[in-house]
Amino acid sequence: MNNNEKMAELLLPSIDKTPDYYENLYPARELKEGARVTRIAPSPTGYLHLGTLFAALVNRITATSSGGIFYTRIEDTDKKREIEGGIADIIDGLGRFGITIDEGFTGADEQYGNYGPYKQSQRAEIYQTYVKELIRQGLAYPCFCTAEELDKVRKIQEDRKIRTGYHGEWAKHRNITFEEAKKLIDEGKTYVVRLKSPGSEENTVVFDDCIKGKIEMPENDEDFVILKSDGIPTYHFAHAVDDHLMRTTHVLRGDEWISSVPKHIQLFKLLGFKPPKYGHIAPIMKLDGGAKRKISKRKDPEAAVHFFAEEGYDSQSVIEYLMTVAASDFEDWRKANPDKSYKDFKFNLKKMSVSGALFDSDKLNNVSKTVVSSFDSACVYDKLTKWAKEFDPEFCAVLTENPEYTRAVLSIDRDVPKPRKDIAKWNEAKDYFSYFFDSLYKKDFSLPENVSSADAKLFLQKYKEVYDPSDDRQLWFDKIKAIAPEIGFASETKEYKAEPDKFKGHAGDLSTVLRIAVTGRRNTPDLCSIMRVLGKERCISRIDDALNSL
RNA sequence: GGCCCGGUGGUCAAGAGGCCUAAGACACCGCCCUUUCACGGCGGUAACACGAGUUCGAAUCUCGUCCGGGUCACCA
């Protein structure tokens, strides 16, 4: 045994497998030419974040459109930051947004597939096998520096204004001998394993990013940590081993990773792996004061995807919005294919924005109105009551008290060829539909400026006499038109516009009076339909109420 | 500070040396349609960060300046 081999045995005595074992265990995937294998590798340190959802979407659609595989892997190598229920929240969250998972974690405790386990804490032995091999080849070594020592070194480097980090002559244990290591271990000292980087800052590494294009950076010369003192690898090392063994073809991740690519490429090379294609996704930004910054879990409510559920955005709306952010040509496609699933869109990573886009809630609302307008009333009933049940139980009780009635309310101007685009999120619904429910109804009889209270009363009086709930839309309005001239209003808007001085207003103003009397507001969907749903009794009583109050 | 990346209307963006007198979408404004509102249709305000250079010609290529973002852990 040479010294490297002795070192390997000293540090990882219990590892008895070799990389070959795993290479055979996880053979190349049999997929058709061009199929892309992608993944999302969240760490369960918090709840599902907008950025994670966005990355998942991009990975998902990249796999889908190439006939490939999209899988999930849990990166739980940092036990200190892990939170309870984190995995479930992330995986279930993706499910709620319709992101299907082909392989890997499909639930908090469920994993599926031939390339597992898909949780890094269950893969310690695999990583250690590869670390052992690196040590054997003299490409990794133990480092016994404490955090304090490392701090001190960095201070010195800062003072001397030289590049900080554990590299070159600053790599204290780079050439540690077997005997020295053994002595320190026998003394009970803890250590990490570092890569013995053969790189030099003088060299440049070039890679072609699927999203950002060609990027050049200095080669990595830092002896970064690959195995932490607890025997668990760092992200960098786990990424190389996992994405190789799981046969990932495209690593599409947040662009905060871009600066570590030289490390990763070096690792792949040293381990004898073929590097995947990288694509670095620009973050979704937010305006804070005057400054643009990455949307943050801690500061921004909309960073946690849960926020959208609370607001009552349909998951489709959020996905649709995210697609417009992901692909600059998506909106044109959508216009041409209004009824297709976004999954049929030919997604091209090259069309992705290179720099971060500001989160635009106006745009989200606009997109969402279109999405919601495509739902029929039965669908809206289900979605709305489901939302209300969780976030506004009182409203839910009101909605479900008489389901047939609520369905009729929801179908107004909806189950028609050109449905209204008026609701973006369910938390707007309570106010929007309030006048249909006596317990929520708030009367407000403020009249338009050109209608006197006397004329309004006169009109309502006359209208009551001819009101018939069975009238169709045409007849309904004809009756209002018929009354108009009797109180000095024009029957036709054109008439009024032609000679405004001859009239007090037009029939439209009178319909507004009726609208105010019946619904307490000036703007509503089609009043005739509303009155029909409201029923004669309620309409008459509200008109009477208005008559008394005006 | 070092290293990366990026700067086109308020926002998202098309744009690959002449097709740019710079698309489209959201927001905003006006008009039309109209029982109100919304939808829809038509129109409008509004942008190539700055300075040099290359070129017959630059939003597009080069350099510099400025500004913004990311990253420099036993975190991912």
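Residues numbered from 1 in each chain as written. Chains lettered and ligands numbered in written order. Predicted model: local features only at pLDDT ≥ 70, side-chain atom pairs only at ≥ 80, totals over all residues. Heavy atoms only, no water.

Quick word on the protein's contact with RNA strand B
Part 1 of the reasoning: Near RNA strand B you find 53 residues, and of these Lys-228, Lys-363, Arg-420, Thr-524 and Asp-526 are the closest.
Part 2 of the reasoning: Sugar and phosphate atoms constitute 70% of the interface atoms of RNA strand B, taking the interface as everything within 4 Å of the protein.
Part 3 of the reasoning: For RNA strand B, a sugar or linking oxygen lies 2.9 Å from a polar atom in the side chain of Asp-78.
Part 4 of the reasoning: One nitrogen or oxygen atom from the main chain of Arg-522 is found 3.2 Å from a sugar or linking oxygen belonging to RNA strand B.
Part 5 of the reasoning: Contributions of two or more residues to the surface near RNA strand B are made by strand S6 (192–195), strand S8 (213–218), strand S13 (291–294), strand S14 (357–358), helix H13 (361–373), helix H19 (473–483), helix H20 (493–498) and helix H21 (507–519).
Part 6 of the reasoning: Its residues placed into classes, the surface near RNA strand B shows 16 nonpolar, 13 polar and 24 charged. (Near = heavy atom within 4 Å. Polar contact = N/O pair within 3.5 Å; in protein donor to acceptor, adjacent residues only side chain to side chain. Helix = DSSP H or I, 4+ residues; strand = E, 2+ residues; numbered from the N terminus. Nonpolar A, V, L, I, M, F, W, Y, C, P; charged D, E, K, R; others polar.)

Structural notes on empty space enclosed by the protein
Any space left empty among the atoms is revealed by the rolling of a water-sized probe across them.
Part 1 of the reasoning: The tally for this structure, following the rule as stated, stands at 3 cavities of 30 Å³ or more.
Part 2 of the reasoning: By volume, the largest cavity is sized at about 90 Å³.
Part 3 of the reasoning: In terms of lining residues, the largest cavity is bounded by Val-409, Leu-410, Ile-412, Asp-413, Arg-414, Arg-420, Asp-422, Ile-423, Tyr-432, Phe-433, Phe-436 and Pro-525.
Part 4 of the reasoning: The set of elements that each furnish at least two residues to the lining of the largest cavity consists of helix H16 (403–411) and helix H17 (429–433).
Part 5 of the reasoning: Considered class by class, the residues forming the lining of the largest cavity number 8 nonpolar, no polar and 4 charged. (1 Å grid on protein atoms, 1.4 Å probe; cavity = no way out; pocket = protein on both sides within 12 Å on 5 of 7 lines; lining within 4 Å. Points joined across faces, edges and corners; volume = space filled by probe spheres on them.)

Let's talk about the packing of helix H18 (residues 453–466) against helix H23 (residues 536–549)
Packed helices, taken two at a time, are described by the angle their axes make and the gap between the axes.
Part 1 of the reasoning: One way to put it is that H18 packs onto H23 with a least axis distance of 10 Å and a crossing angle of 155°. Classified by the interaxial angle, the pair formed by H18 and H23 is roughly antiparallel. Of the two possible hands of crossing, H18 and H23 adopt the one that is left-handed. On H23, the residues touching Lys-457, Leu-460, Gln-461, Tyr-463 and Lys-464 of H18 are Ile-540, Ile-543, Asp-544, Ala-546 and Leu-547.
Part 2 of the reasoning: In the contact of H18 with H23, the residues fall into 6 nonpolar, 1 polar and 3 charged. (Axes fitted to C-alpha atoms, helices over the stretch in contact; angles between N-to-C directions. Parallel < 35°, antiparallel > 145°, perpendicular 65-115°, else oblique. Left-handed = near helix turned anticlockwise from the far one by under 90°. Contact = heavy atoms within 4.5 Å.)

Topic: the nonpolar core
Part 1 of the reasoning: Judged by nonpolar contacts, the single largest core of 103 residues is most densely connected at Leu-53, Ile-226 and Phe-237.
Part 2 of the reasoning: If one sorts the elements of this core by residue count, helix H3 (residues 50–66) sits on top with 9 residues.
Part 3 of the reasoning: When sequence neighbours within four positions are dropped, the list of residues in contact with Ile-226 reads Val-131, Leu-134, Ala-140, Val-193, Arg-194, Leu-195, Ile-232, Pro-233, Thr-234, Phe-237 and Leu-267.
Part 4 of the reasoning: Core analysis: the next-biggest nonpolar cluster, separate from the first, contains 58 residues, Val-372, Phe-375, Cys-396 and Ala-429 among them. (Core = buried A, V, L, I, M, F, W, Y, C linked by side-chain atoms within 4.5 Å. Buried < 20%, exposed > 50% of the residue type's maximum accessible area, 1.4 Å probe, protein only.)

Looking at the sheet that holds S14
Part 1 of the reasoning: Strand order in this open sheet of 3 strands is S13-S12-S14, and the pairing throughout is mixed. In this open sheet, the two edge strands, each paired with only one partner strand, are S13 and S14. (Pairing = 2+ DSSP bridges.)

Topic: the side chain of Asp-413
Part 1 of the reasoning: Locating Asp-413 in the fold gives a position in the loop between H16 and H17.
Part 2 of the reasoning: At 3.3 Å, the side chain of Asp-413 forms a polar contact with the backbone nitrogen of Asp-526.
Part 3 of the reasoning: Not counting residues within four places of it along the chain, the set of residues in contact with Asp-413 comprises Pro-419, Arg-420, Arg-473, Pro-525 and Asp-526.

A look at the sheet that holds strand S2 (residues 69–72)
Part 1 of the reasoning: A sheet is described by the order of its strands in space; here 4 strands give the open sequence S1-S2-S3-S4, paired in mixed fashion. Edge strands, defined here as strands with exactly one partner in the open sheet, are strand S1 (37–40) and strand S4 (111–112).
Part 2 of the reasoning: By the bridge criterion, 2 bridges tie strand S3 (residues 103–105) to S4 in an arrangement that is antiparallel. From the neighbouring strand, Phe-105 faces S4, where its bridge partner is Gln-111.

Comments concerning the layout of surface pockets
Part 1 of the reasoning: Taken as a whole, the largest pocket spans an internal volume of roughly 1100 Å³.
Part 2 of the reasoning: Taken together, 43 residues form the lining of the largest pocket, with Ala-41, Ser-43, Thr-52, Glu-256 and Trp-257 sitting closest to its centre.
Part 3 of the reasoning: Counting residues per element, the ones that place at least two in the lining of the largest pocket are S1, H3, helix H8 (235–245) and strand S10 (250–254).
Part 4 of the reasoning: Counting residues per element, the lining of the largest pocket draws most heavily on H3, which supplies 5 residues.
Part 5 of the reasoning: A per-class count over the lining of the largest pocket returns 17 nonpolar, 13 polar and 13 charged.
Part 6 of the reasoning: What the second largest pocket holds in volume is close to 770 Å³.
Part 7 of the reasoning: Looking at the lining of the second largest pocket, the elements that each hand over two or more residues are helix H11 (315–326), helix H12 (330–336) and H13.
Part 8 of the reasoning: At 6 residues, the largest contribution of residues to the lining of the second largest pocket is made by H13.
Part 9 of the reasoning: Taken together, the residues of the lining of the second largest pocket sort by class into 8 nonpolar, 9 polar and 10 charged.

Notes on the packing of aromatic side chains
Part 1 of the reasoning: For the coordinates displayed, the defined rule picks out 25 aromatic pairs.
Part 2 of the reasoning: Ring plane angle 75° and centroid distance 6.0 Å describe the contact between Phe-268 and Phe-273, whose orientation is recorded as edge-to-face.
Part 3 of the reasoning: Exposure remark for Phe-268: the relative accessible area of 0% places this residue in the buried category.
Part 4 of the reasoning: Taking the ring centre of Tyr-21 as reference, the NZ or CZ of Lys-17 above it sits at 5.1 Å. (Phe/Tyr/Trp six-rings, centres within 6.5 Å; stacked < 30°, edge-to-face > 60°. Lys NZ or Arg CZ within 6 Å of the ring centre and 35° of its normal.)

The values reported here are purely geometric and, on their own, carry no functional implication.
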